[in-house]
Amino acid sequence: MDEAVQIVNAIKKGQISPIYFLYGEEAYFIDKISDYISANVLTEEEKGFNQMVLYGRDVSIEDIVGNAKRYPMMAERQVVIVKEAQHLSRTIENLCSYAENPQQSTVLVICYKYKKLDKRKKLHKIIKKNGVVFESKKLYENQVSDWLRKHLVSRGYTISHKAALLLVEYLGTDLGKISKELDKLKLVLPKQTEINPQHIEEHIGISKDYNNFELKRAIGDRDILKATKIINYFAQNPKDNPFILTITLLHSFFTQLLQYHGLSDHSPKNVASALRINPYFVSEIQTAARNYPMKKVSGIISSLREMDLKGKGVGTTPMKEADLLKELLYKIV
């Protein structure tokens, strides 16, 4: 996150490199940097002749180099953005000869999503020397809440701890998806608002009381009554609460619980670090560990895998989601 901000700040100061190679699993930061370059390096008048977008599935490395070597028209620079460059993975090293002596009047932006650039190979070393190489790493779940809060603060909002965890629990670690949902909130809520679970329920559609976050907590506490109420709500609203999402989150939770049982140091700091979870969840894990010993957890993980196959119709007749959910809860508790 910090590195992405540094790249943008350098561009704001006029420190513009001839090549930006943006790669990695998290598309959000790649898009943000390339969008900033697209919007700000050239004026609107200059963009008509001097800014172009190419797509990796439609061009070759030779096409990219040919466009990058053009001179700008009535402008100091031209911008060439290559989106979906991961489709050129087999020939990407052919960019080496251009990267060794890049056109200084061209800003070439390579968006190489969901792939890694081998740091041992020549291309990485050359671009790092003559331009900017940025790896956009996927954030861990315990990092996403911090990113979410910083994102909102920079735009004049705050968010309660529970609301942030609710969003991450429901939407996962896809920053692009989270950002879109936050945009919905920013459209209807005035600045300086603290976003709470009620706002999320009203404007995004995630129930503050009946969601996977609360189901996981109820199961961890062995609160059978509450867990049953949530399961019944899911059964009545299957489109908003798909079985596959529920079983995936529960499998992740019990896998973390199994890891917890295997730790020798159960201090909150070590647990948060070892399990890569938000410190907020440590007490939840500790409570669940008291309710579910290691042998029981192993059995539950096996049952979850069995239920996952049932949910996909493997080796059994198709079942309604309501029946799958009820059997799932029965097997756990």
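Our subject is the structure that appears above.
The following paragraphs examine the structure supplied in this document.

Rules and cut-offs
Along each chain, residue indices are assigned from 1 in the same order as the chain's sequence is written. Under the rules for a predicted model, residues below a pLDDT of 70 receive no local features and side-chain atom pairs below 80 are neither given nor counted, while totals for whole chains, interfaces and linings still include all residues. Side-chain measures were taken over the full set of non-hydrogen atoms in the model, leaving aside hydrogen atoms and water. A run of H or I in DSSP counts as a helix once it spans at least four residues, and a run of E counts as a strand once it spans at least two, with each numbered from the N terminus. Whether a residue is buried, partly exposed or exposed follows from its accessible area with a 1.4 Å probe, protein chains only, as a fraction of its type maximum: under 20%, in between, or over 50%, in that order. Should any heavy atoms of two residues lie within 4.5 Å, those residues are counted as being in contact. Per-residue and other accessible areas follow the Shrake-Rupley method at a 1.4 Å probe size, with only the shown protein chains counted as cover for residues. Counting rule applied: Lys, Arg positive; Asp, Glu negative; His and chain ends not counted. Every charge is mapped onto a representative atom, which is NZ of Lys, CZ of Arg, CG of Asp or CD of Glu. Here the axes come from fitting lines to C-alpha atoms, over the contacting stretch only for helices, and the angles between their N-to-C directions go from 0 to 180 degrees. Note on terminology: angles under 35 degrees are roughly parallel, angles over 145 are roughly antiparallel, angles of 65 to 115 are roughly perpendicular, and the others are oblique. Three classes are used, and their members are as follows: Ala, Val, Leu, Ile, Met, Phe, Trp, Tyr, Cys and Pro are nonpolar, Asp, Glu, Lys and Arg are charged, and the others, Gly among them, are polar. Whether two strands pair depends on DSSP finding at least two bridges between them.

### A look at the overall build of the protein chain
For the protein chain, the helix and strand inventory stands at 17 helices and seven strands. Viewed in the frame of its principal axes, the protein chain has a C-alpha envelope of about 70 × 45 × 45 Å. Counting the 333 residues in the protein chain, one finds 47% classified as buried. Long-range pairs, those at least 24 residues apart, make up 75% of the contacts in the protein chain with a sequence separation of at least 6. Of the accessible surface of the protein chain, which amounts to about 17100 Å², a share of 50% is contributed by carbon and sulfur atoms. Each charge sign in the protein chain was given a centre, from 49 positive and 39 negative side chains, and these centres are 4 Å apart.

### Topic: the side chain of Lys 216
Looking at where Lys 216 falls in the secondary structure, it is placed in helix α11 (residues 212-220). Excluding its chain neighbours within four sequence positions, the residues that come into contact with Lys 216 are Glu 169, Leu 250, Phe 253, Phe 281 and Glu 284.

### Looking at the packing of α11 against helix α15 (residues 282-291)
Where α11 meets α15, the axes come as close as 8 Å, and the angle between the chain directions of the two elements is 40°. Put simply, α11 runs oblique to α15. Every residue of α15 that contacts α11 at Lys 216, Arg 217 and Gly 220 is listed here: Glu 284, Thr 287, Ala 288 and Asn 291. By residue class, the composition of the contact of α11 with α15 is one nonpolar, three polar and three charged.

### Section: the pairing of strand β1 (residues 19-24)
Of all the six residues making up β1, six are buried; the element is thus mostly covered by neighbouring parts of the structure. Side-chain alternation along β1 places Ile 19, Phe 21 and Tyr 23 on one buried face and Tyr 20, Leu 22 and Gly 24 on a second face that is also buried. The pairing of β1 with strand β4 (residues 106-113) spans six bridges and is parallel. If you follow Ile 19 over to β4, its bridge partner there is Leu 108. In the sheet, β1 pairs with strand β5 (residues 132-135) via four bridges, with the strands oriented parallel. Bridging across to β5, Leu 22 finds its partner in Phe 134.

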